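Descriptive analysis of the structure
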Amino acid sequence: MPTPAEQPRFSEPVVDQRGYVTRAWADYFLRMASAQSSDDLRQLYEALAARVAELEDGQLASFQILGPQSVIVQGVPSNGVVILSLLGDNPTPGSTTYYGTGPDGIKGWHPVAETITVVAGDLVKTVSPQGVITLGLANVADSGTGTLLATTFDAKGRKTGSKDATITGTAQQINVANGNAAAGLPTLSLAPEVLSALAEAVTALQPGDVTGPNSVKVTPNGSGGIILQLDNDSATPAALTAYSTDSSGARGWWRPALFESTGVINGGALSINAGNNARFDMAQAVIGYTDWSVTPTQPTRVLLTVGPFSAQVVTSIASANATYVGIQMPAGTIVQQTSPFSNAQRRTIAQIGVLVHSNNTTINAINDQAATIRAGVNQIGDLMAAIGPLNLTGNIYSANGNNLNINKTGGSIFKMGSNFQANNLDPHVVSQSSQTALTFRYRLSNGTEGADTTSINPNQYESSPGVLSAVPTLVNTWHVQRISIFQSGLTRIQYGQQVYPSAQAALNGITTDAFNTEQNIAENGILRCYLILNRGLLGLLGSATFVTVSKFGALQASSAAIPDHNNLSGLQGGTTGERYHLTNAQVGEVNTSLQAVTAGTGISINNADPRRPVITATGAAGAPKFPFILQTGASYIPLTGGNALPFFLANGSASNIPVTP
């Protein structure tokens, strides 16, 4: 049996218009026939025949077809034919129609055009033979009347508002007729007062009556008027120009001469003439000249282009080794002399350079030394940078006392722009306050910086870049530290980089030995003094030497030598029994006494260098006895009970031992 899926669709007719079975159903029936036996088909045929007989006998006469509302039914099933149709149907309803009720409410086919009506005078409706509707605006007649209105419209062109837009005039200036346009176009005219004033102006001022004195130029415009303009005026003057006179007095738009001195602005290079090396050439140059001598309040300024000059004779080549070349202003001619131009000459001569002719025959070298006047303020900055920061007053370092602290006096420094933010009327000078037992930091040549401290370190030096080492204990114990100040008031000290056998040797080494200054100190610091000191100092006062430098960092004349403490000439002595100085004989006695010192229990003494006995603890109990005077710092003290004896241990560090008389 065929499956339900193989059955033709419900919309597929069983027979066509001729009464024949359609192809889809015929194929279906054939598949059914092939799938069933002849007995099955016979049974189906007999059942179908019996059903047809029942229909023919009228056994189903109760079957009816009804057509409510818009459907009309003609015939009954028992007669075998039933015709269905719409109420008011029409086999040819026409184009662009619809089935429904018309304006009269009768069902049937009606034209679509009957559903749309228009208001006469607003819209016009036309219907084509095919029933298509066309709507258009009706023409409106122009009344020829109206007034001026200001009207607003929305995005669709619909009027959303209006207001009066009548044109008005200013009294005694502009008259307006028909300002609202109700009776025609508005008319504007000058008021009689204006016309009268213009008539007076025409009769009072004629082109020939106007003259232009000085810088004003007057020319007729060809139609009864005049043109006023500046002499040698320009509609498009160059940038950064002003209407003024040039060096010849001609009026026009010129660049202002902003220079205040005489000198070279551009060009002017000197060279040896290619064809004759006893002569020189000079390239074209722009020279600025300012003369303050005649009218100081209004100096004369000239901007002049000179040259080029070729094969110029050196006037003193046979009698001098060098010739100074300049441009004499305002003439613009070359000037030569065998000595540098003086201050007075440089007010009228623009220096160009120097010709060197040491063999008195040919030019063997040229030194360009143009006295340029470009960027004058920047040139001052160049000089400040070349000189570097300076100490103006004070800022003198000294010992705080018989200790390792240092003091600094108040003062002031000069450094470009250092005080600008605080006081732009004095932008380069910073005041520094005094400091007592000041805090500072040590800095190595490679930039390594130590912590804040208040004590000078006499026992170390920078033996190589970035390396701190102990100062030797017996020989070469002197070294020089450099103290610098910054504009912030901070003090930085660099360790010594050499050791010396004496203070005088250390002083001499300042100017002879190389020293590697740390970069930031070199660029921004101001050297204030050299501190010459010996290893093992416990106090700076009287033992270390502060060598103050000049504002340019040079040694002061008074610092050429260390004071000779053996020279007692003119020195006041002390009272009886006090010893401020020792003679050679007394020193010998002290050394002999030191060498005769014997150690007590637990102590050993090495007197190889009587000036620095090395005392070593042996571990046994007891304390040494010293029945003589020893040196501490720069003074001599008798040792009595309770005093502490300063000395160096074998490893070079300082220590104290209590003294028992």
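Residues numbered from 1 in each chain as written. Predicted model: local features only at pLDDT ≥ 70, side-chain atom pairs only at ≥ 80, totals over all residues. Heavy atoms only, no water.

Bringing unusual backbone geometry into the picture now. With an omega of 5°, the peptide bond between Gly307 and Pro308 qualifies as cis. Following the sequence through the fold, Pro308 ends up in the loop between β19 (300-306) and β20 (309-313). Residues other than glycine seldom take positive phi values, yet Ala181 does so here, at roughly 65°. Note on placement: Ala181 falls in the loop between β9 (174-177) and β10 (187-190). Even without glycine at this site, Asn476 takes up a positive phi of about 50°. (Helix = DSSP H or I, 4+ residues; strand = E, 2+ residues; numbered from the N terminus.)

With 23 residues, the main nonpolar core has Tyr397, Ile406, Ile456, Ile483, Leu540 and Phe546 as its most contacted residues. Elements with a contribution of two residues or more to this core: β26 (397-399), β33 (478-485) and β35 (526-534). If you tally residues by element for this core, the top one is β35, at four residues. In this structure Ile483 touches Tyr397, Ile406, Thr491, Arg492, Ile493, Ile526, Leu527, Arg528, Cys529, Leu531 and Phe546, once residues within four positions along its chain are discounted. One finds Leu270, Ile287, Val325 and Ile363 within the second-largest nonpolar core, a separate group that totals 19 residues. (Core = buried A, V, L, I, M, F, W, Y, C linked by side-chain atoms within 4.5 Å. Buried < 20%, exposed > 50% of the residue type's maximum accessible area, 1.4 Å probe, protein only. Contact = heavy atoms within 4.5 Å.)

Attention shifts here to helix α1 (residues 23-35). Here α1 spans 18 Å end to end across 13 residues, near enough to the 18 Å set by a 1.5 Å rise per residue. Every buried residue of α1 is listed here: Trp25, Tyr28 and Met32. Projected down its long axis, α1 carries its buried residues within an arc of 60°, all on one side. Turned more than 90 degrees away from the buried face of α1, the exposed residues are Arg23, Leu30 and Ser34. (Expected span 1.5 Å × (residues − 1). Arc of directions from axis to C-beta.)

A few words on the packing of aromatic side chains. Two descriptors summarise a pair of aromatic rings, namely the distance from one centre to the other and the angle between the planes of the rings. If you walk through the whole model with that rule in mind, you get four aromatic pairs. Centroid distance Tyr243 to Trp253: 5.9 Å. Interplanar angle 70°. Geometry classified as edge-to-face. Linking Tyr243 in strand β13 (residues 242-245) with Trp253 in strand β14 (residues 251-254), this pair joins segments that are 10 residues apart in sequence. Among the aromatic residues, ring-to-ring pairing joins Phe440, Tyr442 and Tyr495 into one connected group. Taking the ring centre of Phe515 as reference, the NZ or CZ of Arg482 above it sits at 3.7 Å. (Phe/Tyr/Trp six-rings, centres within 6.5 Å; stacked < 30°, edge-to-face > 60°. Lys NZ or Arg CZ within 6 Å of the ring centre and 35° of its normal.)

A few words now on a nonpolar patch on the surface. Residues Ile167, Ile174, Leu188, Leu190, Leu195 and Leu198 make up a contiguous nonpolar surface patch of roughly 500 Å² in combined accessible area. Here Leu190 shows up in strand β10. (Patch = residues over 30% accessible without salt bridge, like charges linked within 9 Å, V, L, I, M, F, W, Y side chains within 5 Å. Areas by Shrake-Rupley, 256 points an atom, 1.4 Å probe, with all protein chains shown as cover. Salt bridge = Lys/Arg side-chain N within 4 Å of Asp/Glu carboxyl O.)

In this section: the side chain of Gln351. With respect to the helices and strands, the residue Gln351 is situated in strand β23 (residues 349-356). A relative accessible area of 14% places Gln351 in the buried class. A distance of 2.9 Å separates the side chain of Gln351 from the backbone oxygen of Gln369, its partner in a polar contact. (Polar contact = N/O pair within 3.5 Å; in protein donor to acceptor, adjacent residues only side chain to side chain.)

Pairing is antiparallel in the open sheet, where three strands are placed in the order β15-β18-β19. Among the strands making up the open sheet, the edge pair consists of β15 (263-267) and β19. For this sheet, the mean angle separating the axes of adjacent strands, direction not counted, is 20°. As defined by bridge partners, strand β18 (residues 285-291) adjoins β19 across seven bridges and the pair is classed as antiparallel. Each residue of the ladder has a partner; that of Asp291, found in β19, is Thr300. (Pairing = 2+ DSSP bridges. Axes fitted to C-alpha atoms, helices over the stretch in contact; angles between N-to-C directions.)

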